[in-house]
Amino acid sequence: MSEVSEKLLNEAASLEGKSAEEVIKWSLDTYGDTVKIASSFGAEDVVLIDIAARISPDVKIFTLDTGRLAQETYDVIDQINKKYKVKTEFFCPDTKELEEASNELGPNFFYDSVELRKKCCGIRKMGPLKRAMSSLDAWICGLRKEQAVTRTNIKKVEFSDGAPTKINPLTEWTEQDIWDYIRVNDVPYNRLHDNGYPSIGCICCTRKVRRIEDVRAGRWWWESPETKECGLHKR
Ligand code: SF4
């Protein structure tokens, strides 16, 4: 992204404390066709889609299909596409890169070290994300502050040199807020949430959590909390 204008900076600052609806409306008005919702179809993402679809039926959504997603995730993508009459755009890993890594390191190399886990996320997520972002000026994400120690300082609008603006309409929402919204508005959601998975990514890197555990405790459960980001939301 080129230099951010003062007007945009002021508008972004004024959005802190505003509702998710107001932030999404601002995003769609400001960025038009060059903003999309980045969705892994977790609970936050389906809330974002429902809010955005009420504002604009033409809302655009993309997902990173890592090739390791759960069937339940594909099922909810289908349900969302049908309910909101949208066509989620898929971005997949580069076949050559994936073949080389699997042939050299085996199919489960991401369990072997943080570096190799990040290598896998690089191939299966970051590469496709880069292609998804190449035509965008902004992306809308479902990050919340209370989700993880790595997310406590997120802002509603985050500008970054040379990268699309990141918009986080749900920063202040609690997990309870998310589930109240889903139930009141009858939003389709990933059924794995009913089976002990509060946060869902690739199925091989996600496990069930106990009630007393952090919502992201099941993601890359073998790593310490400080390393548990795949690079998509590196700040
Ligand atoms: S979450 Fe696991 S399987 Fe998915 S891209 Fe990252 S390391 Fe690979």
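Keep in mind the model is a prediction, meaning the values are calculated, not measured.

Draft legend 1. Just empty space enclosed by the protein, in detail. All chains considered together, the criterion is met by two cavities of 30 Å³ or more. Empty space within the second largest cavity amounts to approximately 110 Å³. For the second largest cavity, the lining is made up of 15 residues, of which Cys-121, Lys-125, Cys-202, Cys-205 and Trp-220 are closest to its centre. Considered class by class, the residues forming the lining of the second largest cavity number seven nonpolar, three polar and five charged.

Draft legend 2. Representation of the site of the ligand within the structure. Near the ligand, the surroundings consist of Phe-110, Arg-117, Cys-120, Cys-121, Arg-124, Lys-125, Cys-202, Cys-204, Cys-205 and Trp-220. Its atoms largely coinciding with the cavity grid, the ligand occupies the second largest cavity. Grouping the constituent residues of the shell around the ligand by class yields seven nonpolar, no polar and three charged.

Draft legend 3. Looking closely at helix H5 (residues 95-105). For H5, the side-chain oxygen to backbone nitrogen distance between the N-cap and Lys-96 is 3.2 Å, and the N-cap itself is Asp-94. In the stretch just after H5, Gly-106 is the one whose phi turns positive, near 90 degrees.

Draft legend 4. Here's a closer look at the sheet that holds strand E5 (residues 157-160). Strand order in the open sheet made by the six strands is E3-E2-E1-E4-E6-E5, with mixed pairing throughout. In the strand order of this sheet, the two ends are held by strand E3 (89-91) and E5, each with one partner. Direction aside, the axes of adjacent strands within the sheet are offset by 30 degrees on average. For E5 and strand E6 (residues 163-167), the ladder comprises three bridges, and the chain directions are antiparallel. Within E6, the residue paired with Val-157 across the bridge is Ile-167.

Draft legend 5. Highlighting the packing of H5 against helix H6 (residues 114-133). Axis separation between H5 and H6 bottoms out at 10 Å; the angle between their running directions is 155 degrees. The pairing of H5 with H6 is recorded here as roughly antiparallel in orientation. Crossing of H5 over H6 shows left-handed handedness. Across the interface between the two elements, Glu-97, Leu-98, Ala-101 and Leu-105 of H5 pack against Leu-116, Lys-119, Ile-123 and Arg-124 of H6. Counted by class, the contact of H5 with H6 contains five nonpolar, no polar and three charged residues.

Draft legend 6. Representation of the environment of Val-209. Within the fold, Val-209 resides in the segment after helix H7 (175-185). When the C-alpha positions of Val-209 and Ser-199 are compared, they lie 9.2 Å apart, and in sequence the two are 10 residues distant. The residues touching Val-209, leaving out its near neighbours within four places in the chain, are Gly-196, Pro-198, Asp-214, Ala-217 and Gly-218.

Draft legend 7. View of the packing of aromatic side chains. Considering all chains together, one arrives at six aromatic pairs under this definition. Aromatic pair Trp-26 and Tyr-31: ring centres 5.9 Å apart, planes at 85 degrees, arrangement edge-to-face. The two residues Trp-26 and Tyr-31 agree in class, both being buried. A connected cluster of aromatic rings, assembled from ring pairs, spans Phe-109, Phe-110 and Tyr-111. The residue whose ring lies beneath Arg-191 is Tyr-189, and the NZ or CZ to ring-centre distance is 4.2 Å.

Draft legend 8. Local environment of the pattern of salt bridges. Taken as a whole and judged by the stated rule, the model has 10 salt bridges. Among the ionic pairs, Lys-145 bridges to Glu-172, the shortest N-O distance being 3.3 Å. With Lys-145 in the loop between strand E4 (138-140) and E5 and Glu-172 in the loop between E6 and H7, this pair connects stretches of sequence that are 27 residues apart. By relative accessible area, which is 26% here, Lys-145 ends up partly exposed. A relative accessible area of 46% means that Glu-172 is categorised as partly exposed. One salt bridge in this structure joins Arg-191 and Asp-194, with 3.4 Å as the shortest N-O distance. Judged by its relative accessible area of 44%, Asp-194 falls in the partly exposed class. Taken together, the salt bridges that share partners define one network made up of Glu-44, Arg-144 and Glu-146.

Scoring rules and cut-offs
- Residues numbered from 1 in each chain as written.
- Predicted model: local features only at pLDDT ≥ 70, side-chain atom pairs only at ≥ 80, totals over all residues.
- Heavy atoms only, no water.
- 1 Å grid on protein atoms, 1.4 Å probe; cavity = no way out; pocket = protein on both sides within 12 Å on 5 of 7 lines; lining within 4 Å.
- Points joined across faces, edges and corners; volume = space filled by probe spheres on them.
- Nonpolar A, V, L, I, M, F, W, Y, C, P; charged D, E, K, R; others polar.
- Near = heavy atom within 4 Å.
- Sits in = over half its atoms within 2 Å of the grid points.
- Polar contact = N/O pair within 3.5 Å; in protein donor to acceptor, adjacent residues only side chain to side chain.
- Helix = DSSP H or I, 4+ residues; strand = E, 2+ residues; numbered from the N terminus.
- Pairing = 2+ DSSP bridges.
- Axes fitted to C-alpha atoms, helices over the stretch in contact; angles between N-to-C directions.
- Parallel < 35°, antiparallel > 145°, perpendicular 65-115°, else oblique.
- Left-handed = near helix turned anticlockwise from the far one by under 90°.
- Contact = heavy atoms within 4.5 Å.
- Phe/Tyr/Trp six-rings, centres within 6.5 Å; stacked < 30°, edge-to-face > 60°.
- Buried < 20%, exposed > 50% of the residue type's maximum accessible area, 1.4 Å probe, protein only.
- Lys NZ or Arg CZ within 6 Å of the ring centre and 35° of its normal.
- Salt bridge = Lys/Arg side-chain N within 4 Å of Asp/Glu carboxyl O.

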